[in-house]
Amino acid sequence: MRRIVSILLENEPGALSRIVGLFSQRAFNIESLCVAETNEPTLSRITISTFGDDKVLEQITKQVNKLVDVIKVADLTERPHIEREIVLVKVLAMNNKTRTEVKRIADIFRGDIVDVGKQIYTVQLTGDEDKISSFIDVLNHETEIIEVVRSGTVGIARGEKALRV
């Protein structure tokens, strides 16, 4: 089962490696990992997307909670939440037909062309994992994809629930 775990922790050197190490020790694969400071510079938020057995993830979550730097852990998949990812896709746009088609596809998916070169367009898109994957599949049928950069999943609980101190 796919899980999204959100961790609020002190912004200290080595904190991320200790958390990732817990996943590694249990041979649990991390599908995506996003880390950034929160509105409080002394705190960071880690969002981990993973697939696996519920029992193993429960053990990892309990062990993550015991780490000194960790303030709170939440499994977002257990409650209503919003998740998004951002992707930058560099595509070949050599002629007018291809350029028009790339622009049309970007518009359909509500993406933006953020860079234009002589033969290359870079398209930015945000959405859930399925939307991003569909966008890449459609683009791949229309033109050559040069490069793809995905941010990985970020998520937040809906409503008044918040992961904060």
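Residues numbered from 1 in each chain as written. Predicted model: local features only at pLDDT ≥ 70, side-chain atom pairs only at ≥ 80, totals over all residues. Heavy atoms only, no water.

This brings us to unusual backbone geometry. Even without glycine at this site, R110 takes up a positive phi of about 60°. For R110, a relative accessible area of 72% translates into the label exposed. (Buried < 20%, exposed > 50% of the residue type's maximum accessible area, 1.4 Å probe, protein only.)

With that settled, the discussion passes to the packing of aromatic side chains. Applying the stated criterion across every chain, the model contains two aromatic pairs. Ring plane angle 50° and centroid distance 6.1 Å describe the contact between F23 and F28, whose orientation is recorded as tilted. Since its relative accessible area comes to 2%, F23 is described here as buried. Between F109 and F135 the ring centres are 5.3 Å apart and the planes differ by 65°, which places this aromatic pair in the edge-to-face class. One end of the pair, F109, is in the loop between α3 (96-108) and β6 (112-116); the other, F135, is in helix α4 (residues 129-142), with 26 residues separating them in the sequence. Look at F109 and you get buried, because its relative accessible area is 15%. The class of F135 is buried, set by a relative accessible area of 0%. (Phe/Tyr/Trp six-rings, centres within 6.5 Å; stacked < 30°, edge-to-face > 60°. Helix = DSSP H or I, 4+ residues; strand = E, 2+ residues; numbered from the N terminus.)

The next subject is the pairing of strand β1 (residues 2-10). With eight of nine residues buried, β1 is to be regarded as a mostly interior element. Two elements, β1 and strand β4 (residues 70-75), share five bridges in a ladder whose sense is antiparallel. Across the sheet, L9 pairs through a bridge with V70, a residue of β4. (Pairing = 2+ DSSP bridges.)

The next point concerns the packing of α3 against α4. In a packed pair of helices, the relevant descriptors are the angle between the two axes and the axis-to-axis distance. At their nearest, the axes of α3 and α4 sit 10 Å apart, and the two run at 165° to each other. In terms of orientation, α3 and α4 fall into the roughly antiparallel class. Here α3 runs over α4; the crossing is right-handed. Listed contacts from α4 to E101, V102, I105 and A106 of α3 are F135, V138, L139 and E142. Residues belonging to the contact of α3 with α4 are distributed by class as follows: six nonpolar, no polar and two charged. (Axes fitted to C-alpha atoms, helices over the stretch in contact; angles between N-to-C directions. Parallel < 35°, antiparallel > 145°, perpendicular 65-115°, else oblique. Left-handed = near helix turned anticlockwise from the far one by under 90°. Contact = heavy atoms within 4.5 Å. Nonpolar A, V, L, I, M, F, W, Y, C, P; charged D, E, K, R; others polar.)

Bringing the packing of helix α1 (residues 15-25) against helix α2 (residues 54-66) into the picture now. Direction vectors running N to C along α1 and α2 enclose 155°, while the axes themselves pass 10 Å from each other. Taken together, the axes of α1 and α2 lie roughly antiparallel to each other. As for how α1 packs across α2, the hand of that crossing is right-handed. Counting all contacts with α1, which are made through I19, L22 and F23, the residues of α2 involved are L57, I60, Q63 and V64. Grouping the amino acids of the contact of α1 with α2 by side-chain chemistry returns six nonpolar, one polar and no charged.

On the surface, a nonpolar cluster with roughly 210 Å² of combined accessible area is contributed by L16, L33 and V35. By secondary structure assignment, the location of L16 is in helix α1. (Patch = residues over 30% accessible without salt bridge, like charges linked within 9 Å, V, L, I, M, F, W, Y side chains within 5 Å. Areas by Shrake-Rupley, 256 points an atom, 1.4 Å probe, with all protein chains shown as cover. Salt bridge = Lys/Arg side-chain N within 4 Å of Asp/Glu carboxyl O.)

Bringing the environment of I71 into the picture now. With respect to the element layout, I71 can be found in strand β4. Counting along the chain gives 22 residues from I71 to S49, while the straight-line C-alpha distance between them is 19 Å. Discounting chain neighbours no more than four positions away, the residues touching I71 are L8, L9, E10, L43 and V165.

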